[in-house]
Amino acid sequence: MQAKSRWITIFCSSLLVGLPFGYAFAQVLIPVNPPELRPGLLAGYLPRAQLPDSFRLVAPPPASGSAAQQADEAAYQSTLVLVSSARWHLATRDAVLKFPAAADVFSCTLGATISEKQTPHLYTLLRRSYVDAGLATYAAKDRYARVRPFVIYKLPTCTPAEEAALAKDGAYPSGHAALGWAWGLLLSEMVPEKSQAVLERANAFGQSRHICGVHWQSDIAAGQLVGSAAVARLHADPVFKAQFVLAQAELQASMGSGPNAGLDCASESAALASQP
């Protein structure tokens, strides 16, 4: 079925959110129902060929026996004290990338409700940019096929149901870290007064994969680099830019509405504070 679309005049929206006039005077076709890569997974904004090439962007992962690999191993060992802790349980929640649950990641930090009903453009922007940032890691992932910590140490992760699939998927760079950092950069642009808190939460989202035992620390850092590159490329895409304007207006209007229903923000804050 052909996706419905509508014309968005950026000039009208840009005045509402204070964007520079460089964003004005353009009409862009924004799909109301973007295509899906598979049921429930929206296509990103960028064709695969336009994604950042992570293989050329990041250095190779640490070599076996190197000082950098030893540092990764020591960092992983330091997380084992968190198994079954409040921070471990938050890492388990952070592992969920299916929507609507994934929309909850920054809700407590922002103090705003993010949902398909209340912030439809922001909700769609998060879903589509997630794919762009995540897929951008695969040029390096597939080339290096780095083995994950839990496979080497034969220890449980916070998502046992995913272990079989993760064992076959390269660790470097981290896709979760890439998309979480991309989301953090985008949201911090939309609400500059919350940028520090948003970026701290984005970093913690990446660290959750380290705590879960499915990524090395260097996987997280490389993933965040790829996420930054994906955001830079997205800002050159006209459809993304148009939807960003509308998503920012939605989020600013939603500030103060309170976090998504059912979230225990006090427990989230306490869990984040407990991370060593």
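Residues numbered from 1 in each chain as written. Predicted model: local features only at pLDDT ≥ 70, side-chain atom pairs only at ≥ 80, totals over all residues. Heavy atoms only, no water.

## Section: the nonpolar core
A general feature of soluble globular proteins is that nonpolar side chains tend to end up buried together.
Argument step 1. Residues L110 and M190 are the most contacted members of the largest nonpolar core, which totals 49 residues.
Argument step 2. Counting only elements with at least two residues in this core, the list comes to β2 (27-31), α6 (120-135), α10 (175-190), α11 (195-211), α12 (217-234) and α13 (238-254).
Argument step 3. Ignoring anything within four residues of it in the chain, the contact list for M190 reads L122, L125, F244, A247, Q248, L251 and Q252.
Argument step 4. Counting residues in each nonpolar core, the second largest holds nine residues, with L82, W88, L166 and V214 among its members. (Core = buried A, V, L, I, M, F, W, Y, C linked by side-chain atoms within 4.5 Å. Buried < 20%, exposed > 50% of the residue type's maximum accessible area, 1.4 Å probe, protein only. Helix = DSSP H or I, 4+ residues; strand = E, 2+ residues; numbered from the N terminus. Contact = heavy atoms within 4.5 Å.)

## Observations regarding the confidence of the model for the protein
Argument step 1. Taken residue by residue, the protein gives an average pLDDT of 91. The fraction at 70 or more is 90%.
Argument step 2. Here residues 9-25 scores under 50 on pLDDT; set against residues more than four positions off or in separate chains, the count is 25 contacts. (pLDDT = per-residue confidence, 0-100.)

## Points about the packing of aromatic side chains
Argument step 1. Counted under the stated rule, the structure contains eleven aromatic pairs.
Argument step 2. Consider the rings of F99 and Y123, whose centres lie 5.3 Å apart with planes at 80 degrees: the pair is edge-to-face. Linking F99 in the loop between α4 (86-94) and α5 (107-110) with Y123 in helix α6, this pair joins segments that are 24 residues apart in sequence.
Argument step 3. Assessed through its relative accessible area of 5%, Y123 is described here as buried.
Argument step 4. Ring centres 6.3 Å apart and planes at 50 degrees place the aromatic pair W183 and F205 in the tilted group. Placement of W183 in helix α10 and of F205 in helix α11 is noted, with a sequence separation of 22 residues between them.
Argument step 5. One aromatic cluster is present, built from ring pairs that chain together F99, Y123, Y130, W183 and F205.
Argument step 6. If you follow K141 out to its NZ or CZ, it ends over the ring of Y138, 5.5 Å from the centre.
Argument step 7. Sitting above the plane of the F55 ring, R143 keeps its charged end 3.9 Å from the centroid. (Phe/Tyr/Trp six-rings, centres within 6.5 Å; stacked < 30°, edge-to-face > 60°. Lys NZ or Arg CZ within 6 Å of the ring centre and 35° of its normal.)

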